[in-house]
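Examination of the molecular architecture
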Amino acid sequence: MASSSSNSPCAACKFLRRKCISGCIFAPYFPPEEPQKFANVHKIFGASNVAKLLNELLPHQREDAVNSLAYEAEARMKDPVYGCVGAISVLQRQVHRLQKELDAANADLIRFACASPDMHNPILTPDQLLIRRIGNSGSLSHPSLSHQNLTPHSLSHHQGSSDSFPNNGFPPTWSNTSPGGNTRRGENRM
């Protein structure tokens, strides 16, 4: 393949000071506009090793291989000891630190939500309500859908219009009756 329409040699042949022939293995992957790309790859891997590698690969795999070699060579130029592994390690430490920060922020949110001024009616998701309901009664009942007997089960199946909930369109945070129909301590029936 010819390297360019103006017959200038590819970056590899120019760097190696040789004539760029029409079937040059480097020409499609090291254009004359990117001389530093080949210089880095040659310094780290050597031109003959790269040529052998490209000849062993199928043509559709060569571009990805050259891009990988160029990336690794550039990383090795910046960090001769670790190369790409150094960059990956830095990013993994950053992800780990950010995960810890996210966990701490979530813990703060939970702590602030639990410390709300209205401790009898905290804002909970239907899943949290269901867990609390199972934890209090030991079993899960299937109550009817009525405003007098709303439960987490009924909330998860009834997430629609605002006219179906008595509190200005907001679902209630807890049922008014226990599974057996008895009023719980401190609650009045509606």
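Look above for the structure.
Residues numbered from 1 in each chain as written. Predicted model: local features only at pLDDT ≥ 70, side-chain atom pairs only at ≥ 80, totals over all residues. Heavy atoms only, no water.

**Some words on the overall build of the protein chain**
Looking only at helices and strands, one finds seven helices and zero strands in the protein chain. Mapped in sequence order, the helices and strands of the protein chain form the string α-α-α-α-α-α-α. Long-range contacts, defined here as pairs at least 24 residues apart, represent 42% of the contacts in the protein chain between residues at least 6 apart. Surface summary for the protein chain: the accessible area is close to 13,300 Å², and the carbon and sulfur share equals 57%. (Helix = DSSP H or I, 4+ residues; strand = E, 2+ residues; numbered from the N terminus. Contact = heavy atoms within 4.5 Å. Areas by Shrake-Rupley, 256 points an atom, 1.4 Å probe, with all protein chains shown as cover.)

**Digging into the pattern of salt bridges**
Applying the stated criterion across every chain, the model contains five salt bridges. Ionic pairing is found between R76 and E72, a salt bridge with its closest N-O pair at 2.8 Å. Note that R76 and E72 are positioned in helix α4 (residues 59-78) at a spacing of four residues, about one turn of the helix. You can call R76 partly exposed: its relative accessible area is 27%. (Salt bridge = Lys/Arg side-chain N within 4 Å of Asp/Glu carboxyl O. Buried < 20%, exposed > 50% of the residue type's maximum accessible area, 1.4 Å probe, protein only.)

**Observations concerning the side chain of R62**
Within the secondary structure layout, R62 lies in helix α4. Here L57 takes part through its backbone oxygen, which lies 3.3 Å from a polar atom of the side chain of R62. Not counting residues within four places of it along the chain, the set of residues in contact with R62 comprises I25, Y29, L54, N55 and L57. (Polar contact = N/O pair within 3.5 Å; in protein donor to acceptor, adjacent residues only side chain to side chain.)

**Here's the deal with the packing of helix α2 (residues 35-45) against helix α3 (residues 47-56)**
It is at 7 Å that the axes of α2 and α3 come closest, and there the two elements cross at 100°. In terms of axis orientation, α2 runs roughly perpendicular to α3. Contact residues: α2 offers F38, V41, H42 and F45, while α3 offers A47, N49 and V50. Of the residues contributing to the contact of α2 with α3, the split by class is five nonpolar, two polar and no charged. (Axes fitted to C-alpha atoms, helices over the stretch in contact; angles between N-to-C directions. Parallel < 35°, antiparallel > 145°, perpendicular 65-115°, else oblique. Nonpolar A, V, L, I, M, F, W, Y, C, P; charged D, E, K, R; others polar.)

**Observations concerning α3**
Working note: α-helix, 3.6 residues per turn, so residues spaced by three or four point in the same direction. Restricting attention to buried positions, one finds in α3 the residues A47, V50, A51 and L54. All buried residues of α3 project into a common sector of 100° when viewed along the axis, lining one side. Seen from the buried face of α3, the exposed residues on the opposite side, beyond 90 degrees, are K52 and E56. In this structure, the buried side of α3 is in contact with α1 (11-16), α2 and α4. (Arc of directions from axis to C-beta.)

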